[in-house]
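Here's the letter readout for the chains.
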Amino acid sequence: MSKIIKALINGEFVESKSSNYVDMISPLTGEIIGKVPCMLQAEIDKAVSIAYQAYLSWKDTPIMTRTRIMFKYQALIKENMDELASILSIEQGKTFDDAKGDLVRGYEVVEFACSAPTLMMGETVEHVSTKVNTYSYKQAIGVCAGITPFNFPGMIPLWMFPLAIVSGNAFILKPSEMVPNTAIKLAELFLEAGAPKGLLQIVHGQKEQVDMLLDHPLVKAYSFVGSPAVGAYIYSRATANLKRAQALVGAKNHMLVMPDANEDKVINALVGASMGAAGQRCMAISVAVLVGSAKEIIPKLIEKLKQVKPGAWDDKNADYGPIITKKAKEKIESLIQNGVDEGANLVLDGRGLKIEEYPNGNWIGPTVFTNVKTNMNIYKEEIFGPVLCILEVNSLDEGLELINNNMFGNGTSIFTNSGASATKFRREILVGQVGVNVPIPVPLPFFSFTGWRGSFYGDLHAYGKQGITFYTETKTVTERWFEEDIEEEIAFNFKENHSK
């Protein structure tokens with residue numbers, strides 16, 4: 001019998017009373033490895049209600065008490081890293097090392113959360129007017145919710161709930177129904193770290209359960225990472241309910257290669273950034289833009305890509321694992337065929353790949369197109385697989401125009417030995433996260449994840465200082481204390497009352 005995935009309600013892992021379940025299917029074997037409940041409205045309501053009660057006391061808990069729990073939590077994640085990585089790999093398909101990388105990037109956000117006493121500081125100005133002082137401080141906003149994707153089961157939840165909770169909020173996490181076990185283990189460790197019951201709740205389901213959260217009056221803010229269509233829906237519905245929301249969505253990340261770039265470093269960067277995690281990451285490099293004679297690297301790049309080896313999570317020689325679902329694999333294969341039909345040159349075809357030990361795995365080998373045009377679907381759509389599109393341009397200006405005309409603005413990079421080229425690129429590119437000789441420029445947690453344009457809906461980005469701001473409200477106080485021995489006239493004019 002398949003494992004029934006439990007919810008976390010009030011510090012206890014419990015089975016839902018729902019009769020509607022979603023099958024968890026291993027991307028490696030095609031077998032059912034779990035059943036995820038589509039929880040009932042009453043169960044969602046109970047989770048939110050308990051979270052709200054937990055918030056009421058937690059918001060007044062001293063900041064150092066909240067911070068010490070985060071210190072303990074980051075230690076527990078580190079101690080249990082191998083077990084967490086195994087859980088993640090089994091359900092998601094990532095190689096073991098890639099799974100550890102996923103968790104380490106989340107762990108770093110927990111470390112950042114340990115800076116809460118400084119991050120929660122407000123501002124003060126003495127004597128904004130005669131004997132009048134103004135100061136501000138940050139307060140928690142209440143119950144927050146996070147809807148997380150399949151591709152980073154460890155990192156993305158850890159982007160969300162540690163910062164929300166250390167800021168004084170309670171949190172409802174709805175992990176992807178494809179990969180809930182990593183989030184459950186992270187929650188177990190959070191409770192072990194001393195988190196009060198009810199502060200973190202985990203609920204399960206699909207669109208119907210997400211709607212229950214989006215419409216719940218006690219949930220004040222929503223964080224989402226996933227596809228553009230779903231992100232637009234969540235952001236629109238949340239803000240229509242006058243709630244705060246941030247949605248990190250699609251990408252089409254370009255690496256622009258100048259003729260003066262180091263050939264070997266470019267090739268190694270392109271191979272890893274395009275094929276890592278089977279291309280299932282929103283910061284993957286899926287487009288190489290080769291300027292002028294940089295196109296001469298193509299033959300050597302293709303030979304290097306031919307050496308990339310997909311395989312099982314526990315195969316130490318595997319470079320990446322399977323695609324998450326059969327449906328996702330079929331979509332990628334359909335887009336590859338569409339690229340052929342539209343006239344792109346398929347120089348490396350990863351379709352039809354078989355791994356003998358895992359014949360039912362969702363395998364796609366490294367795939368490369370040249371002669372790609374910007375009006376082709378393989379360029380316009382986020383393929384989310386191990387597919388690299390190569391375009392050629394004549395100049396840096398032409399490359400900048402090409403990238404800036406793309407609808408997405410998540411990440412990009414330039415490889416060059418010219419400081420002038422790098423500076424021009426950095427200044428003129430309309431993309432939020434820029435790498436200079438760095439292929440995947442994901443910021444460390446003391447910055448924020450700053451996708452632009454069609455890659456982000458909202459105002460405040462994830463983690464970093466913006467993350468703290470997202471999960472808090474700023475209260476500004478203007479105060480004046482009267483001295484008993486001073487007589488004052490009544491002031492009826494607002495301006496005079498503040499400036500006298």
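Up top is the structure these notes are about.
For every chain, the first residue of the written sequence is number 1, and numbering continues from 1 onward in sequence order. Given that the model is predicted, a residue must reach a pLDDT of at least 70 before its local features are reported, and side-chain atom pairs must reach 80 or more before they are shown or counted; all residues, however, enter totals for whole chains, interfaces and linings. As a rule here, side-chain values cover all heavy atoms of the structure and leave hydrogens and water aside.

Novice: What exactly am I supposed to notice about the layout of surface pockets here?
Specialist: With a probe scaled to a water molecule rolled over the atoms, the places where space remains empty come into view. The distinction between a cavity and a pocket rests on a 1 Å grid over the protein atoms alone: a 1.4 Å probe fits inside a cavity but cannot get out, while a pocket stays open yet meets protein on both sides within 12 Å along at least five of seven lines, and a residue with an atom within 4 Å of a point counts as lining. Grid points are joined across faces, edges and corners, and a volume is the space filled by probe spheres set on the points. Size it by volume and the largest pocket reaches roughly 1500 Å³. Phe150, Glu177, Met178, Ser227 and Ile324 are the residues nearest the centre of the largest pocket, which is lined by 48 residues in total. In terms of lining residues, the second largest pocket is bounded by 19 residues, among which Asp98, Phe152, Ala277, Arg281 and Ile440 are the most central. Secondary structure elements with two or more residues in the lining of the second largest pocket: helix H4 (96–113) and helix H6 (155–166). Looking at the lining of the second largest pocket, its residues break down into 10 nonpolar, three polar and six charged. The secondary structure listing takes helices from DSSP runs of H or I that are at least 4 residues long and strands from runs of E that are at least 2 residues long, numbered from the N terminus. Each residue is assigned to one of three groups, with Ala, Val, Leu, Ile, Met, Phe, Trp, Tyr, Cys and Pro labelled nonpolar, Asp, Glu, Lys and Arg labelled charged, and all others, Gly among them, labelled polar.

Novice: Just to check I follow, could you spell out the packing of H4 against H6 for this structure?
Specialist: When two helices pack together, you describe them by how their axes are tilted relative to each other and by the distance separating the axes. H6 packs onto H4 with a crossing angle of 10° between their chain directions and a minimal axis gap of 8 Å. Taken as axis vectors, H4 and H6 run roughly parallel relative to one another. Residues Asp102, Leu103, Arg105, Gly106, Tyr107, Val109, Val110, Phe112 and Ala113 of H4 form the contact with H6, whose own contacting residues are Met155, Leu158, Trp159, Pro162, Leu163 and Val166. Of the residues that constitute the contact of H4 with H6, the class distribution is 12 nonpolar, one polar and two charged. Inter-axis angles, ranging from 0 to 180 degrees, are taken between N-to-C directions of lines fitted to C-alpha atoms, where helices are fitted over the stretch in contact. Under this scheme an angle from 65 to 115 degrees is roughly perpendicular, one under 35 degrees roughly parallel, and one over 145 degrees roughly antiparallel; angles in between are oblique. Whether two residues are in contact is decided by their heavy atoms, any of which lying within 4.5 Å being enough.

Novice: Quick question: what am I supposed to make of the pattern of salt bridges here?
Specialist: When their charged atoms lie close together, side chains carrying opposite charge are able to pair. Each reported salt bridge corresponds to a side-chain nitrogen of Lys or Arg within 4 Å of a carboxyl oxygen of Asp or Glu. Enumeration over the complete set of coordinates arrives at 20 salt bridges. Of the charged contacts, one joins Asp211 and Arg237 as a salt bridge, the two residues approaching to 3.3 Å between their closest N and O atoms. Placement of Asp211 in helix H8 (residues 207–214) and of Arg237 in helix H9 (residues 228–240) is noted, with a sequence separation of 26 residues between them. The buried label applies to any residue whose accessible area, calculated with a 1.4 Å probe on protein chains only, is under 20% of its type's maximum; exposed applies above 50%, and partly exposed to all values in between. For Asp211, a relative accessible area of 10% gives the class buried. Between Lys309 and Asp315 there is a salt bridge whose closest N-O contact spans 2.7 Å. Classification of Lys309 as partly exposed rests on a relative accessible area of 37%. Given the relative accessible area of 24%, Asp315 is considered partly exposed.

Novice: Looking at this structure, how should I read unusual backbone geometry?
Specialist: Negative phi is the rule for most residues except glycine; trans is the rule for most peptide bonds. If you check the backbone angles, His127 has positive phi at about 60° while not being a glycine. Its place among the elements puts His127 in strand S5 (residues 123–129).

Novice: Please explain the sheet that holds strand S22 (residues 472–480) as it appears in this structure.
Specialist: Strand pairing in a sheet takes place through backbone hydrogen bonds and is either antiparallel or parallel in direction. The pairing criterion is simple: DSSP has to find at least two bridges between the two strands. The strand order S5-S6-S22 describes an open sheet built from three strands, whose pairing is antiparallel. Each of the sheet's edge strands pairs with one partner strand only, and the pair in question is S5 and S22. Strand-to-strand twist of the sheet, defined as the mean angle between neighbouring strand axes without regard to direction, takes the value 25°.

Function-wise, these values are silent; they only describe arrangement.
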